[in-house]
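So you can see what is in the structure, the chains are spelled out below.
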Amino acid sequence: MLEEDTQCCSNKDERKSHHSDEMKKNLTTRLNRIEGQIRGIKGMIDKDTYCDDVITQIAATQSALNSVSKLLLEGHMKSCIVDRIKEGDLEVVDELLTTMKRLMKK
């Protein structure tokens with residue numbers, strides 16, 4: 001399913017993803033929800049909400065962001081990475097490793 005949802009340009013001069021309308025809608029919906037969570041956290045701080053409750057909401061927001069990252073990474077690996085390897089561009093493996101290290105820093 002994701003192979004159809006995400007396609008990437010492999011041209012180094014034009015690094016773009018081409019997500020299906022359904023995938024864009026899914027990602028946008030998730031990000032809008034996360035944006036609302038961030039506003040909610042700000043409101044909690046403004047109202048002097050108990051710290052543990054704020055931290056719980058921050059953890060939920062981080063989890064939601066991680067879910068968006070996982071979706072994007074899966075699509076990236078199934079399309080962009082595979083396509084570039086098929087074209088003989090093995091530098092993409094180092095790029096992927098760097099990306100995964102960034103995601104695993106947490």
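Here, the structure is the one placed above.
Here's what I pulled together on the structure shown here. Model, not experiment: these values are computed from the prediction.

Side note on the overall build of the chain
- Counting its secondary structure elements, the chain contains four helices and two strands.
- Starting at the N terminus, the α and β elements of the chain follow one another as α-β-β-α-α-α.
- In the chain, which comprises 106 residues, the share counted as buried stands at 23%.
- Counting only contacts in the chain whose residues sit at least 6 apart along the sequence, the fraction spanning at least 24 positions is 51%.
- For the chain, the exposed area adds up to about 7900 Å²; of that, 54% sits on carbon and sulfur atoms.

Here we look at helix α3 (residues 51-86)
- The end-to-end C-alpha separation of α3 is 50 Å, in line with the 52 Å expected for 36 residues at 1.5 Å each.
- By the largest-angle criterion, H76 marks the main kink of α3, which is about 40°.
- By the burial criterion, the buried members of α3 are V54, T61, V68, L71, L73, G75, S79, C80, I81 and R84.
- G88, located one to two residues past α3, shows a positive phi value of around 90°.

What counts, and where the lines are drawn
- Residues numbered from 1 in each chain as written.
- Predicted model: local features only at pLDDT ≥ 70, side-chain atom pairs only at ≥ 80, totals over all residues.
- Heavy atoms only, no water.
- Helix = DSSP H or I, 4+ residues; strand = E, 2+ residues; numbered from the N terminus.
- Buried < 20%, exposed > 50% of the residue type's maximum accessible area, 1.4 Å probe, protein only.
- Contact = heavy atoms within 4.5 Å.
- Areas by Shrake-Rupley, 256 points an atom, 1.4 Å probe, with all protein chains shown as cover.
- Expected span 1.5 Å × (residues − 1).
- Bend = angle between axes of the 7 residues up to and from the residue.

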